[in-house]
Amino acid sequence: MTRKTILITGASAGIGAACARLAAERGYDLYLNYNSDAAGAEASAEAARAAGATATVLQADVGDPEAISAMFAHIPRLDGLINNAGIVGQTARLTDMDHARLKRMFDVNVIGAMLVAKEAVLRMDKGVIVNVSSAAARLGSGNQYLDYAASKGAIDTFTKGLSDEVAGQGIRVVSVRPGIIDTDIHAKGGEPDRADRLAPKVPMKRKGTAEEVAEVILWLMSDQASYVTGSAIDVTGGR
Ligand code: NAP
């Protein structure tokens, strides 16, 4: 059987790095994108190679359309995309957010994800796209970062629209909405203890792991999920 090749954006840390490890174990060859953490991306690639995969590391800021084009110049064809790269901002109310913050949030989390998906579709025969959304798309994240939540709401809507456009080509498109997951994204948003603070409010009374999210994403990538498209799957411990 020929090996399938997938691109994972934001593969240098957290959920993307966990997806890279698991995808390699499941027999995929990998393109691993990162923006600033070259060492993290190389560690993901080394782990993938140790599991028998080929792994090509590609730097690109997905908030920059020219960087996306340059990255895809190295990718002739794809069987799948894990559209995972994403950012949060510092805790703030709308009245404290300026245009530059909102623009960067949407350039990376929405327009970047849409352009990456576009380039992936152009390189797929059949395939699967998993967009990494967030429970924030449902919850709104008022008083924390509603710009981030709104960007993920856009991703869920984009997932449904794109899934309708490409279903006839044999391409499935699904959103995964993680809840409170134990990664460094909370520290990058200025609140390293956020996952521990919110864990008691989760019905399952704990934070999730990047590996638990990766398991769901890799199931969606697989033929076992062959009739799933256009939907959003929560991985939230009930939140
Ligand atoms: P993380 O540990 O901070 O990792 C984020 C990854 O995205 C890194 O590999 C980072 O690369 C990459 N990235 C950020 N900006 C980028 C850009 N402009 N261009 C290319 N890559 C970029 O975060 P995570 O928790 O794993 O988050 C992964 C996804 O899950 C995000 O979409 C996030 O919104 C979503 N999510 C996370 C949680 C959670 O609780 N952790 C909950 C819901 C949804 P560099 O470090 O190399 O820049």
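Coordinates for the structure precede this section.
What you see is a predicted model; the values in this text were computed from it and never measured. (Residues numbered from 1 in each chain as written. Predicted model: local features only at pLDDT ≥ 70, side-chain atom pairs only at ≥ 80, totals over all residues. Heavy atoms only, no water.)

A. Focus on the overall build of the protein chain. Scanning the protein chain from terminus to terminus reveals nine helices and seven strands. Relative to the 2.2 N^0.38 estimate, which gives 18 Å for 239 residues, the radius of gyration of the protein chain is 17 Å and therefore close to what a compact globule would have. Put simply, the protein chain has 239 residues, and 53% of those count as buried. The distance from the centre of the 26 positive side-chain charges to the centre of the 28 negative ones in the protein chain is 5 Å. (Helix = DSSP H or I, 4+ residues; strand = E, 2+ residues; numbered from the N terminus. Rg over C-alpha atoms; globule rule 2.2 N^0.38 Å. Buried < 20%, exposed > 50% of the residue type's maximum accessible area, 1.4 Å probe, protein only. Lys, Arg positive; Asp, Glu negative; His and termini not counted. Charge placed at Lys NZ, Arg CZ, Asp CG, Glu CD.)

B. Seen up close, the site of the ligand. Every one of the 34 residues lining the ligand counts as a neighbour, but Ser-12, Ile-15, Tyr-148, Thr-183 and Lys-188 are closest to it. Residue Ser-12 places a side-chain N or O atom 2.7 Å away from an oxygen atom belonging to the ligand. Between an oxygen atom of the ligand and a side-chain N or O atom of Thr-183, the distance comes to 2.5 Å. When the ligand is considered free in solution it has 890 Å² of accessible area, and contact with the protein chains removes 96% of it. Contributing elements (two or more residues each) for the shell around the ligand: α1 (14-25), β2 (29-34), α4 (99-122), α6 (146-166) and α7 (185-188). The greatest single-element share of the shell around the ligand, amounting to three residues, is contributed by α7. Broken down by class, the residue content of the shell around the ligand amounts to 15 nonpolar, 13 polar and six charged. (Near = heavy atom within 4 Å. Polar contact = N/O pair within 3.5 Å; in protein donor to acceptor, adjacent residues only side chain to side chain. Areas by Shrake-Rupley, 256 points an atom, 1.4 Å probe, with all protein chains shown as cover. Nonpolar A, V, L, I, M, F, W, Y, C, P; charged D, E, K, R; others polar.)

C. Geometry of the pattern of salt bridges. This structure, assessed with the given rule, holds 19 salt bridges. Among the charged side chains, a salt-bridge network with shared partners connects Arg-138, Asp-156, Arg-177 and Asp-234. (Salt bridge = Lys/Arg side-chain N within 4 Å of Asp/Glu carboxyl O.)

D. Spotlight on unusual backbone geometry. Despite not being glycine, Ser-141 has its phi angle at roughly 55°, a positive value. Looking at where Ser-141 falls in the secondary structure, it is placed in the loop between α5 (136-139) and α6. For Ser-141, a relative accessible area of 16% corresponds to the buried category. Of note, Asn-143 is a non-glycine position whose phi angle comes to about 70°, a positive value. For Asn-143, the position within the fold is in the loop between α5 and α6.

E. Main features of α1. With twelve residues, α1 should cover 16 Å at 1.5 Å per step; its first-to-last C-alpha distance of 17 Å lies within 8% of that length. Counting buried positions along α1 yields nine of twelve residues, so the element is predominantly enclosed. If you check which residues of α1 are buried, you get Ile-15, Gly-16, Ala-17, Ala-18, Cys-19, Ala-20, Leu-22, Ala-23 and Ala-24. The inward-facing, buried residues of α1 contact β1 (5-8), β2, α2 (38-50), β4 (80-83), β6 (171-178) and α9 (210-221). Positive phi shows up at Gly-27, right after α1, with a value of about 100°. (Expected span 1.5 Å × (residues − 1). Contact = heavy atoms within 4.5 Å.)

F. Structural detail: the environment of Ala-13. Tracing the backbone through its elements, the reader meets Ala-13 in the loop between β1 and α1. The exposure class assigned to Ala-13 is partly exposed, which follows from its relative accessible area of 28%. Note: C-alpha distance between Ala-13 and Leu-146 (133 residues apart in sequence) is 23 Å.

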